[in-house]
Protein chains: 2
Amino acid sequence: MPVSKIAEKLIVQNRSNVAAPVLVVGSVAFDKIITPVMTGERILGGAASFASLAASYFAPVRLVGVVGNDFEDSFIERFRNRGIDLEGLQVDKSGPTFFWAGEYHENFNNRETLDTQLNVFEHFRPELPERYRQSPYIMLANIGPDLQLHVLDQLEGSSFVVADTMNLWINNKLNDLLKLLKRIDCLAINDSEAIMLTGDHNLISAGWKLLELGPRMAIIKKGENGSCLFHRDGYFALPAYPVTNLQDPTGAGDAFGGALAGYLAAVNDTDFGSIKQAMLYATAASSLTVEAFSCDRLESAGPGLLEERYHELLEVITP
Amino acid sequence: MPVSKIAEKLIVQNRSNVAAPVLVVGSVAFDKIITPVMTGERILGGAASFASLAASYFAPVRLVGVVGNDFEDSFIERFRNRGIDLEGLQVDKSGPTFFWAGEYHENFNNRETLDTQLNVFEHFRPELPERYRQSPYIMLANIGPDLQLHVLDQLEGSSFVVADTMNLWINNKLNDLLKLLKRIDCLAINDSEAIMLTGDHNLISAGWKLLELGPRMAIIKKGENGSCLFHRDGYFALPAYPVTNLQDPTGAGDAFGGALAGYLAAVNDTDFGSIKQAMLYATAASSLTVEAFSCDRLESAGPGLLEERYHELLEVITP
């Protein structure tokens with residue numbers, strides 16, 4: 001049975017007991033997003049929100065993060081509705097939830113941060129509930145590499161670890177990041193971060209250099225230009241799904257990472273072929289994400305539409 | 001027999017009588033190219049040089065252009081060595097050959113024009129020798145749209161016409177360009193030109209809008225991010241070949257266009273599947289082009305290496 005068929009089955013079964021669980025760790029936030037067309041106030045944001053919702057289409061998800069005293073029950077419900085295990089979601093009553101405000105300019109190519117209020121996220125340390133310590137698939141969404149290392153320190157048994165990072169940590173916590181890279185399986189970062197981390201402006205050689213830093217494989221995310229995989233078994237390049245109804249690019253990369261880890265958990269395999277299939281599903285999940293504010297469309301799409309996107313994407317790349 | 005096998009056969013036969021001839025019209029020039037690593041003085045340049053050499057791997061090529069009193073016989077030999085028909089190459093003794101100097105900055109993403117001397121190209125009008133007037137495949141490389149229209153006016157019988165253009169003509173000769181678009185089959189332009197021509201910053205909707213301007217299909221060239229096809233039978237997205245040895249990006253898009261038209265002539269078919277195959281060969285030809293100054297590597301590669309690139313690219317995009 002081809003891998004895509006297995007995934008199809010699992011998506012239809014949705015959160016089937018067959019799939020291995022995925023642990024997602026990262027930020028849960030309120031966002032304010034301004035685009036040329038609309039403004040979204042206090043919408044659900046944070047890398048772990050997008051990643052866990054995307055992963056939930058494929059496998060049982062365990063979410064580790066923190067929210068503050070202002071986080072609404074209705075938002076908690078959104079995770080619950082997708083069957084996400086929230087034992088690891090800390091509620092810190094000492095202050096408000098992490099808040100981020102950003103604005104996209106005319107062509108969506110430039111994003112400007114207008115405001116960042118760390119709030120309860122400032123002193124967050126991800127602590128894994130006992131039963132999360134054996135998690136065969138991990139998505140370390142973008143948080144400080146010191147915190148990502150702290151997660152790895154709590155694990156028991158073997159895990160396949162996907163990690164994301166950002167320019168802030170490359171600039172400010174490079175030593176921790178380099179330690180992290182030696183302990184993960186797959187680094188999934190965007191193009192500008194790959195260049196920054198390797199100092200190489202050629203994305204192809206930058207990608208291979210990422211592997212020299214430790215991870216067994218690396219995926220470079222290029223937004224509307226797709227993604228590419230650097231793997232000991234070869235190189236794979238995948239265009240983006242052709243989105244025309246772009247509403248809000250926030251979280252696309254996080255949804256990509258979550259769906260990637262989720263798919264791998266679903267098929268419980270991480271060979272070259274499975275990673276490539278995972279990238280197709282990850283691309284499908286990001287394409288849905290950017291078609292509405294926040295996680296709205298990613299959540300409401302359902303497994304049928306996600307599967308349809310996967311097949312459309314497959315057609316778009318078939319010569 | 002799958003299309004790629006047909007092409008394989010034709011490439012091996014190389015300029016076989018089976019393939020329909022391709023007429024290439026455009027500039028032939030001397031370039032001076034400065035890169036972060038090297039400088040090339042008075043090297044062979046011009047859109048029609050790259051396009052005709054690339055096309056010559058697939059089909060008999062007829063070249064229409066102009067050179068001046070300083071054009072070297074050794075350069076003429078380079079076209080002859082690839083079997084290119086030069087009856088349409090005018091030699092204008094009244095002045096020197098078109099000269100262009102450009103510099104690429106650190107990461108090859110920005111190109112600056114240092115000098116443009118039109119010379120004999122300034123008053124060039126492409127006149128087709130009688131026996132070129134029936135040319136089933138045409139590559140109108142980047143020259144003024146008024147001159148491109150003048151070529152079409154001289155044709156007899158039906159032709160499949162691919163055309164390129166540039167920002168200069170979008171700004172200065174838009175009316176002629178719009179007239180041209182209604183008379184061609186395939187527009188092959190780069191991403192910034194597609195945005196400029198349609199006013200749409202979303203490349204996908206920009207691509208579909210190009211078809212509303214007249215051509216039956218449009219290909220947007222995105223350099224290291226590959227290319228995409230907008231066709232009434234669907235959308236196709238193709239990543240670039242993973243080049244690490246980038247030496248000089250000049251002419252990559254011209255080689256792409258030439259190989260595209262050449263392949264279509266070789267298989268003498270222009271359905272959706274053939275266009276997609278043509279894009280793979282076109283991508284292979286551009287990848288060779290950028291690995292050396294001028295047309296050097298495109299010329300020296302030979303059909304075997306081109307075919308190898310095609311197969312590598314096919315593997316790189318196969319999930």
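Everything numeric here is computed off the predicted structure, so don't read it as measured data.

Caption draft 1: Fine view of the overall build of chain A. Assigned secondary structure in chain A consists of 11 helices and 13 strands. Compactness check: chain A gives a C-alpha radius of gyration of 18 Å against a globular reference of 20 Å for 319 residues, within 12% of the reference. With respect to the three principal axes, the spread of C-alpha positions in chain A is 55 × 45 × 45 Å. Counting all 319 residues of chain A, 52% fall into the buried class.

Caption draft 2: A look at the sheet that holds strand β2 (residues 29-34) of chain A. Residue and element names in this part refer to chain A. Sheet architecture is open: 4 strands sit in the order β3-β2-β6-β7, paired in mixed fashion. The open sheet has two free edges, formed respectively by β3 (39-45) and β7 (111-117), since each of these has just one partner strand. If you compare each strand with its neighbour and ignore which way they point, the axes differ by 20 degrees on average. Pairing analysis gives 5 bridges linking β2 to strand β6 (residues 99-104), with the strands arranged parallel.

Caption draft 3: Fine view of the relation of the copies chain A and chain B. Once chain A has been moved 0.0 Å along the axis and rotated by 180 degrees, it coincides with chain B to within an RMSD of 0.0 Å. On this basis, the relationship between the two copies can be described by a two-fold rotation axis. Looking at the interface residues of chain A, 100% of them are also at the interface in chain B, so both copies use one shared face.

Caption draft 4: Looking closely at the interface of chain A and chain B. Each partner contributes to the interface: chain A provides 25 residues, whereas chain B provides 25 residues. Elements supplying a minimum of two residues to the side of chain A that touches chain B: α8 (203-212), β13 (234-238) and α10 (272-289) of chain A. Broken down by class, the residue content of the side of chain A that touches chain B amounts to 13 nonpolar, 8 polar and 4 charged.

Caption draft 5: Focus on the pairing of β13(A). Residue and element names in this part refer to chain A. Bridge count for strand β12 (residues 227-231) against β13 is 5 bridges, and the pairing is antiparallel. Residue pairing for β13: F230 is matched across the bridge by Y235. Hairpin connection from β12 to β13: 2 residues lie between these consecutive antiparallel strands.

Caption draft 6: Summary view of helix α4 (residues 145-154) of chain B. All names here are of chain B. The set of residues buried in α4 consists of P145, Q148 and V151. Down the axis of α4, the smallest arc covering the buried residues is 110 degrees, so these residues share one side. Elements in contact with the buried residues of α4: β1 (22-25), β8 (137-140), β9 (160-163), α5 (167-172) and α6 (174-181).

Caption draft 7: Unusual backbone geometry, seen in detail. Residue and element names in this part refer to chain B. For R42, which is not glycine, the phi torsion reads 45 degrees and is therefore positive. Residue position: R42 is located in strand β3 (residues 39-45). The phi dihedral of N119 is positive, around 50 degrees, even though this residue is not glycine.

Caption draft 8: Quick look at the environment of L313(A). Residue and element names in this part refer to chain A. Structurally, L313 can be placed in helix α11 (residues 296-316). For the pair L313 and A240, spaced 73 residues apart in the sequence, the C-alpha separation amounts to 8.0 Å. Beyond its immediate chain neighbours, meaning those up to four positions away, L313 contacts Y241, L280, T283 and A284.

Caption draft 9: Region of interest: the confidence of the model for chain A. Residues and elements named next belong to chain A. Per-residue confidence for chain A gives a mean pLDDT of 94; residues scoring 70 or more make up 94%. Low pLDDT, under 50, characterises residues 1-6; the predicted model gives this stretch 7 contacts beyond four residues in sequence or across chains. Within the model, pLDDT remains below 50 along residues 12-16, and this stretch shows 7 contacts once partners closer than five positions in the same chain are excluded. ipTM for the predicted complex: 0.93, alongside a pTM of 0.94.

Caption draft 10: Representation of the sheet that holds β3(B) within the structure. Residues and elements named next belong to chain B. If you trace the 4 strands from one edge of the open sheet to the other, you get β3-β2-β6-β7, paired in mixed fashion. Each edge of the open sheet is held by one strand with a lone partner, namely β3 and β7 (111-117). If you compare each strand with its neighbour and ignore which way they point, the axes differ by 20 degrees on average. Note: strand β2 (residues 29-34) against β3, 5 bridges, orientation antiparallel. Opposite A29, over in β3, you have G45 as the bridge partner.

Caption draft 11: Summary view of the packing of helix α9 (residues 252-267) of chain B against helix α10 (residues 272-289) of chain B. Residues and elements named next belong to chain B. Two numbers describe how α9 lies on α10: the axes approach to 7 Å, and their chain directions differ by 140 degrees. Viewed along their axes, α9 and α10 adopt a mutual orientation that is oblique. Our pair here, α9 against α10, has a crossing hand that is right-handed. From α9, A252, A255, F256, A259, L260, Y263, L264 and V267 reach across to α10, where they touch S274, Q277, A278, M279, Y281, A282, T283, A285, S286 and T289. Looking at the contact of α9 with α10 residue by residue, the classes come out as 13 nonpolar, 5 polar and no charged.

Caption draft 12: Examining the nonpolar core more closely. By size, the foremost hydrophobic cluster in this structure holds 211 residues, and its most contacted members are A259(A) and A259(B). Ignoring sequence-local partners within four residues, the contact set of A259(A) consists of A54(A), A55(A), Y57(A), F58(A), Y281(A), A282(A) and A285(A).

Caption draft 13: Structural detail: the environment of S227(B). Residue and element names in this part refer to chain B. Looking at the element boundaries, S227 is found in strand β12 (residues 227-231). Of the residues examined, S227 has 26 C-beta atoms within 10 Å and is grouped as buried. When the C-alpha atoms of S227 and S274 are compared, they prove to be 15 Å apart, with 47 residues separating the residues in sequence. Non-local contacts of S227, meaning those with residues more than four positions away in its chain, are made with I219, I220, K221, K222, L238, M279 and T283.

Caption draft 14: Structural view of the environment of E308(A). All names here are of chain A. Relative to the assigned elements, E308 resides in helix α11. Given 13 C-beta atoms within 10 Å, E308 falls into the partly exposed group. When the C-alpha atoms of E308 and A284 are compared, they prove to be 8.6 Å apart, with 24 residues separating the residues in sequence.

Caption draft 15: Quick peek at α11(A). Residues and elements named next belong to chain A. The end-to-end C-alpha distance of α11, which contains 21 residues, comes to just 25 Å, noticeably less than the 30 Å that a straight helix rising 1.5 Å per residue would cover. At G302, α11 shows its strongest bend, of approximately 105 degrees, with the proline P303 following within four residues. Regarding α11, the residues found buried are L298, E299, A301, L306, R309, Y310, L313 and V316.

Caption draft 16: How the structure looks around the packing of helix α2 (residues 47-55) of chain B against α9(B). Residues and elements named next belong to chain B. Running from N to C, α2 and α9 cross one another at 40 degrees; their axes reach a closest spacing of 7 Å. Viewed along their axes, α2 and α9 form a crossing whose handedness is right-handed. Taking contact as the criterion, the partners of A47, F50, A51, S52, L53, A54 and A55 in α2 are, on α9, D254, A255, G257, G258, A259, A261 and G262. Looking at the contact of α2 with α9 residue by residue, the classes come out as 9 nonpolar, 4 polar and 1 charged.

Caption draft 17: Just the pairing of strand β10 (residues 186-190) of chain A, in detail. Residues and elements named next belong to chain A. Within β10, 5 of the 5 residues are buried, which leaves it mostly tucked inside the rest of the structure. Residues C186, A188 and N190 of β10 are buried on one face, and the alternating residues L187 and I189, pointing to the opposite face, are buried as well. Pairing between β10 and strand β11 (residues 217-221): 5 bridges, direction parallel. The residue bridging L187 from the neighbouring strand is A218, located in β11.

Cut-off values and rules
- Residues numbered from 1 in each chain as written.
- Chains lettered and ligands numbered in written order.
- Predicted model: local features only at pLDDT ≥ 70, side-chain atom pairs only at ≥ 80, totals over all residues.
- Helix = DSSP H or I, 4+ residues; strand = E, 2+ residues; numbered from the N terminus.
- Rg over C-alpha atoms; globule rule 2.2 N^0.38 Å.
- Buried ≥ 20, exposed ≤ 12 C-beta atoms within 10 Å, placed from the backbone.
- Pairing = 2+ DSSP bridges.
- Axes fitted to C-alpha atoms, helices over the stretch in contact; angles between N-to-C directions.
- Least-squares fit on C-alpha atoms with pLDDT ≥ 70 in both.
- Contact = placed C-beta atoms within 7 Å.
- Nonpolar A, V, L, I, M, F, W, Y, C, P; charged D, E, K, R; others polar.
- Arc of directions from axis to C-beta.
- pLDDT = per-residue confidence, 0-100.
- Parallel < 35°, antiparallel > 145°, perpendicular 65-115°, else oblique.
- Left-handed = near helix turned anticlockwise from the far one by under 90°.
- Core = buried A, V, L, I, M, F, W, Y, C linked by C-beta atoms within 7 Å.
- Expected span 1.5 Å × (residues − 1).
- Bend = angle between axes of the 7 residues up to and from the residue.

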